[in-house]
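Structural characterization, general
One letter stands for each residue in the lines below.
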Amino acid sequence: GSGGAEKGYRIPAGKGPHAVGCTDLMTGDAAEGSFLRLYYPSCDDTDTEETPWIPDKEYYQGLSDFLNVYRALGERLFQYYVGSVTCPAKSNAAFKPGEKYPLLVFSHGLGAFRTIYSAICIEMASQGFLVAAVEHRDESASATYFCKKKADSEPEEDQTSGVEKEWIYYRKLRAGEEERCLRHKQVQQRAQECIKALNLILKISSGEEVMNVLNSDFDWSHLKDSVDTSRIAVMGHSFGGATVIESLSKEIRFRCGIALDAWMLPVGDDTYQSSVQQPLLFINSEKFQWAANILKMKKLSSNDTNKKMITIKGSVHQSFPDFTFVSGEIIGKFFKLKGEIDPNEAIDICNHASLAFLQKHLSLKRDFDKWDSLVDGIGPNVISGTNIDLSPTE
Ligand SMILES: CCN(CC)CCN(C[C@]12C[C@](c3ccc(C(F)(F)F)cc3)(C1)C2)C(=O)Cn1c(SCc2ccc(F)cc2)nc(=O)c2c1C=CC2
């Protein structure tokens, strides 16, 4: 059996009115393609057969590289502890037609990948969003892959017969390489990948046929006319938070953004408030932030009532990705995957504040405004602005 994941540590299901499905989409067979997991409202609420949380063993290998653990050891540890973890969304479940849904593009953090923010993505989909969790190919993901058309497709090559997965792994900083330079280059690519994902979903909503190089029987034509094209936002964690800022500055169709514990190093010093006109919400953890990082956020959001910052008390950087739910208490505390606050409470604050902010800036016709006070930092376990002392050290 598995470790922590077995003892009732599970990724929380969506609390909204919709059942949730998820499916993977990859277009193009090289750099210009897109790779994303779509979480969506489903009309199939038979809650059987959830989706494997981490779909390929290569992600375990990539995580081992990222965490500086021997692959042979890391792969077995991950297999043992999280190999049986599923996420509470139904794979390729029937799409719920008949209404236009707002769209959220989600950008993962350094060393992460598209499937490990499912608690946030599933909650948003259960509340009536389409959520496109992109997988970045900038070598910041622990692992990701392209599909190469096989010349002579020997089906035994891979169960997805006819295509062969070509993996790329997390690229460590090289000796003497300047981190700012690498991360600034990567954040540009990440923003382009978010914009490509947006264009791809809009293309599908317009009824155009897309070629999914992955071998899946999901019928994308069901998404015709399903995107509310005036209600589109971008969200991301850490490096993905920097990607939110870059994406907003490059693509006005992203009407607003939510940056979860943003890592501001990749954001150019020339990125001022003027470069981000859209409303932006910073949701920070208590333990990850530091003065210089916060000051870069403030430079972007000073005296702009549409740019807000809140901090979740007792939370840590890993309170946003799913590991905070699947790890036991011991491992959770040791790796700082859990803070003092209960992981479910922390993610509820994050999701409720996000929904209130999205209702306000996407003019949604829902009741998410009941959580407006959270966006102003009012409520248990939340503060307005930051807990970090910004006074200059004399
Ligand atoms: C030693 C490696 N060194 C690399 C530069 C620093 C590694 N590190 C701290 C870690 C990630 C940690 C982690 C995860 C997951 C387990 C597990 F065991 F549960 F799987 C354990 C231990 C190790 C906490 C971070 O990078 C933090 N971080 C992250 S963590 C995103 C992530 C990645 C993989 C996951 F499985 C879950 C979440 N995303 C960012 O965008 C940024 C940063 C820092 C700046 C920008």
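Here's a quick rundown of the structure.

Rules and cut-offs
- Residues numbered from 1 in each chain as written.
- Predicted model: local features only at pLDDT ≥ 70, side-chain atom pairs only at ≥ 80, totals over all residues.
- Heavy atoms only, no water.
- Phe/Tyr/Trp six-rings, centres within 6.5 Å; stacked < 30°, edge-to-face > 60°.
- Helix = DSSP H or I, 4+ residues; strand = E, 2+ residues; numbered from the N terminus.
- Buried < 20%, exposed > 50% of the residue type's maximum accessible area, 1.4 Å probe, protein only.
- Salt bridge = Lys/Arg side-chain N within 4 Å of Asp/Glu carboxyl O.
- Patch = residues over 30% accessible without salt bridge, like charges linked within 9 Å, V, L, I, M, F, W, Y side chains within 5 Å.
- Areas by Shrake-Rupley, 256 points an atom, 1.4 Å probe, with all protein chains shown as cover.
- Disulfide = S-S within 2.5 Å.
- Near = heavy atom within 4 Å.
- Polar contact = N/O pair within 3.5 Å; in protein donor to acceptor, adjacent residues only side chain to side chain.

Structural notes on the packing of aromatic side chains
Following the criterion strictly, the structure yields 17 aromatic pairs and no others. Taking the centre distance of 5.9 Å and the plane angle of 10° together, the rings of tyrosine 60 and phenylalanine 78 count as stacked. With tyrosine 60 in helix 1 (residues 57–66) and phenylalanine 78 in helix 2 (residues 71–82), the pair connects residues that are 18 residues apart, well separated along the chain. Accessibility assignment for this pair places tyrosine 60 and phenylalanine 78 in one class, buried. Judged by centre distance (5.8 Å) and plane angle (85°), the ring pair of phenylalanine 95 and tyrosine 101 falls under edge-to-face. Phenylalanine 95 gets classed as buried once you look at its relative accessible area, which sits at 5%. Aromatic rings pair up to connect Phe35, Tyr59, Phe113, Tyr145 and Trp167 into one cluster.

A short note on the pattern of salt bridges
A complete count under the given rule lists 24 salt bridges for this structure. Here aspartate 138 ties to arginine 190 by a salt bridge, and the two come within 3.0 Å at their closest N and O atoms. Placement of aspartate 138 in the loop between strand 6 (130–134) and strand 7 (143–149) and of arginine 190 in helix 4 (residues 179–205) is noted, with a sequence separation of 52 residues between them. Grouping residues by exposure puts aspartate 138 and arginine 190 together as buried. Lysine 307 serves as the salt-bridge partner of aspartate 304, at 2.6 Å between the closest nitrogen and oxygen. According to the relative accessible area criterion, lysine 307 is buried, its value standing at 6%. Residues participating in the shared-partner salt-bridge network are Asp24, Arg37, Arg114 and Glu135.

Re a nonpolar patch on the surface
Taken together, Tyr70, Leu73, Leu77, Tyr80 and Tyr81 make up a surface patch of nonpolar side chains, about 560 Å² in accessible area. In this fold, tyrosine 81 is placed in helix 2. Taking relative accessible area as the criterion, tyrosine 81 reaches 32% and is therefore assigned partly exposed.

Structural notes on the state of the cysteines
In the structure shown here, the tally under the stated rule is zero disulfides. Cysteine 87 takes part in no disulfide bond, and the closest cysteine sulfur to it belongs to cysteine 22, at a distance of 4.9 Å. With no disulfide of its own, cysteine 350 lies closest to cysteine 121 among cysteine sulfurs, the gap being 10 Å. Given the relative accessible area of 0%, cysteine 350 is considered buried.

Side note on the site of the ligand
Not every one of the 20 residues close to the ligand is listed here, only the nearest: Phe78, Leu110, Ser238, Phe239 and Phe323. Note that an oxygen atom of the ligand is positioned 2.7 Å from one of the backbone N or O atoms of leucine 110. Phenylalanine 239 is positioned with one of its backbone polar atoms (N or O) 2.9 Å from an oxygen atom of the ligand. Considering the ligand on its own, with 840 Å² of exposed area, one finds that the protein chains cover 78% of that surface.

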